[in-house]
Amino acid sequence: LVCLVFSRHGECASSRDGCPLPLSVYCRLEQTTCCICVFVIRPFNMAGGEEEQQLGKKRKAPSEAGSDDDNGSVPVSSIPEESAKIKEDKPADPDSKDLTNTSEVGVDSVVGPGDDSSSSGSSKSLEKKNPYDEIKRTIVTNDGKHESLVLLVGLKSLFAKQLPKMPKEYIARLVFDRRHKSLALLSDDPQHKGGDEEIIGGICYRAYPEMRFAEIAFCAVSASQQVKGYGTKLMNLLKQHAVTEGVEYFITYADNYAIGYFKKQGFTKAISMPKGRFHGLIKDYDGGTMMECYIHPSIDFTRIPEMIEAQRNFILKRIETVAKSHKVVYPPLPKGFRPSLDSVSRANEAAARAMAIPGVAEAGWTMADLLVSTGGAKDADKQKNALKSELMALARKTEEQQFAWPFREPVDTAEVKDYLEIIKDPIDLSTIEKRIRKGDWYKSKQMLYVDLQRMASNCKMYNDSSSPYYECAVSLEKFLSNLFHDIPL
């Protein structure tokens, strides 16, 4: 790893400590001469052993480069001055249609003696091909060009086919709106060129650069290309492109069938973006759930699986520094292994038999730990988990209903200031789900039914009988009577 430290000339730590060769350049921002202190940092190898020795051999410089120190790092004095070059930063074009470009960095290269651009671990990461590079995609806008209009017509047809409940005129108006952009995944088959089948999937969105967020209008994948992972790849490519446009948040209104998809893509119902940034810019849709996703500018969304794998491997290596499971291996149990259980009660036989296995006690297990997972305690946990799963299924089935939209989130008392004066015991579906996950709030289905029924009663108490909220509450009561028909009410 090569570390560059910029500081004013004469003020850097290396100058005070007698750095052999600080590189000097003129900094236009500071209007003065600055020092570039170059450090070659040796990677820490936790595995050690033969792998570390081989890494040390690779780090050895040839004879003309001089000798290394004890730590295996290259002396600073051996790095030539022309090896560090400063280049003017070029701002990324937000309207660029190339999603594979990366922003330029200020330093071209810093090469030490005996090193080249293809050495060490960086070459391995470059050799691993990014699967997203094989996906043909483009950003389409209504710029009046024939090629763009052909793709927009294909996107309109895709959205109309996959979103049958959405009015076709509304889809056409947004897709061809010059303020909207669309990300399209394209087929490589030349036979589909210029036709509707060329579009594998697409997302239509509108960005608000001043407020640094974008609203997703439509998202769909062709029926013949579904269950192939294109939905996730489509969203990851859009996030990657959104960073170039300065977008920090995505906001969308998801129907009951799309909530699960957006949750998998990192969207949440908890809106963290200040309301003032989007209030008045986007429309509210009855029956839709507002969801948000934060776009981290430092994440490469096309490398998510590799990042998770690297983090997992790092954690496992750190565990190996204190664990003994990979160092101590016990021989297999002999055939017909039967430990002595003379002084053990019948209820504790299973736990005592497990404790007699070599290595179990050495790993830190005790009889108390094993007894928790056996016998009556295990049966109680099974019953508790079964009730929890059943209650969660009932709550989610209620949430999926078309009339459940007023009950999904708590009433905003900042807007409805007199709500708590009328409703003394408020309740909503998100609060109910939190109580179910907690595991010890509801002891039976009757307790869940009481909370759901109270939710409908609160709505009828606060709202006028002619309001749509009151009608939703009436529909909810009818639905609950059918859903809980098997319990005494």
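Residues numbered from 1 in each chain as written. Predicted model: local features only at pLDDT ≥ 70, side-chain atom pairs only at ≥ 80, totals over all residues. Heavy atoms only, no water.

What follows concerns the overall build of the chain. Scanning the chain for helices and strands turns up 16 helices and nine strands. Burial statistics for the chain: of 489 residues in total, 34% are counted as buried. Accessible surface, the chain as shown: approximately 30800 Å² in total, 54% of it carbon and sulfur. (Helix = DSSP H or I, 4+ residues; strand = E, 2+ residues; numbered from the N terminus. Buried < 20%, exposed > 50% of the residue type's maximum accessible area, 1.4 Å probe, protein only. Areas by Shrake-Rupley, 256 points an atom, 1.4 Å probe, with all protein chains shown as cover.)

Turning our eyes to something else, we now look at a nonpolar patch on the surface. On the surface, Phe314, Ile315, Leu316 and Ile319 cluster together into a nonpolar patch covering about 360 Å² of accessible area. Within the element layout of this structure, Phe314 appears in helix H9 (residues 304-320). (Patch = residues over 30% accessible without salt bridge, like charges linked within 9 Å, V, L, I, M, F, W, Y side chains within 5 Å. Salt bridge = Lys/Arg side-chain N within 4 Å of Asp/Glu carboxyl O.)

A word on the packing of helix H15 (residues 445-462) against helix H16 (residues 468-483). In the contact formed by H15 and H16, the axes pass within 8 Å of each other and the chain directions differ by 155°. Taken as axis vectors, H15 and H16 run roughly antiparallel relative to one another. Where H15 crosses over H16, the two elements pack in a sense that is left-handed. The residues of H16 that touch H15, namely those facing Tyr449, Leu452, Gln453, Met455, Ala456, Ser457, Cys459 and Lys460, are Tyr469, Tyr470, Ala473, Leu476, Glu477 and Leu480. Taken together, the residues of the contact of H15 with H16 sort by class into 10 nonpolar, two polar and two charged. (Axes fitted to C-alpha atoms, helices over the stretch in contact; angles between N-to-C directions. Parallel < 35°, antiparallel > 145°, perpendicular 65-115°, else oblique. Left-handed = near helix turned anticlockwise from the far one by under 90°. Contact = heavy atoms within 4.5 Å. Nonpolar A, V, L, I, M, F, W, Y, C, P; charged D, E, K, R; others polar.)

Our focus in this paragraph is the confidence of the model for the chain. Mean pLDDT over the chain works out to 77, with 72% of the residues at or above the 70 mark. Counting interchain partners and residues more than four positions distant, the pLDDT-below-50 stretch residues 1-6 has 22 contacts. This model gives residues 38-123 a pLDDT under 50, and the stretch forms 92 contacts once residues within four places in sequence are excluded. (pLDDT = per-residue confidence, 0-100.)

Bringing the pattern of salt bridges into the picture now. What the rule picks out here adds up to 16 salt bridges. Its salt-bridge partner being Lys129, residue Glu134 comes within 3.5 Å of it at the nearest N-O pair. Here Asp451 and Arg435 are joined by a salt bridge, their closest N and O atoms 3.0 Å apart. Here Asp451 is found in helix H15, whereas its partner Arg435 is found in helix H14 (residues 429-438), with 16 residues between them in sequence. Neither residue differs from the other here; Asp451 and Arg435 are each classed as buried. Within this structure, Asp425, Arg435, Asp451 and Arg454 form a network of salt bridges that share partners.

The next thing to look at is the pairing of strand E9 (residues 289-294). Within E9, five of the six residues are buried, which leaves it mostly tucked inside the rest of the structure. Of the pairings in the sheet, the one linking strand E8 (residues 249-254) to E9 comprises six bridges and is antiparallel in character. Each residue of the ladder has a partner; that of Tyr249, found in E9, is Tyr294. (Pairing = 2+ DSSP bridges.)

A word on the nonpolar core. Of all hydrophobic cores here, the largest spans 28 residues; its most connected members are Leu185, Ile216, Met235, Leu238, Phe250, Phe262 and Phe267. Of all the secondary-structure elements, those providing two or more residues to this core are strand E5 (180-186), strand E6 (199-208), strand E7 (213-221), helix H6 (230-244), E8, helix H7 (259-264) and E9. Broken down by element, the residue count for this core peaks at six residues, all from H6. Beyond its immediate stretch of four places on either side in the chain, Leu185 contacts Ile135, Lys136, Arg137, Glu198, Ile199, Ile200, Gly201, Tyr230, Leu234 and Leu237. Phe403, Leu429, Leu480 and Ile487 belong to the second-largest nonpolar core, a separate cluster that totals 26 residues. (Core = buried A, V, L, I, M, F, W, Y, C linked by side-chain atoms within 4.5 Å.)

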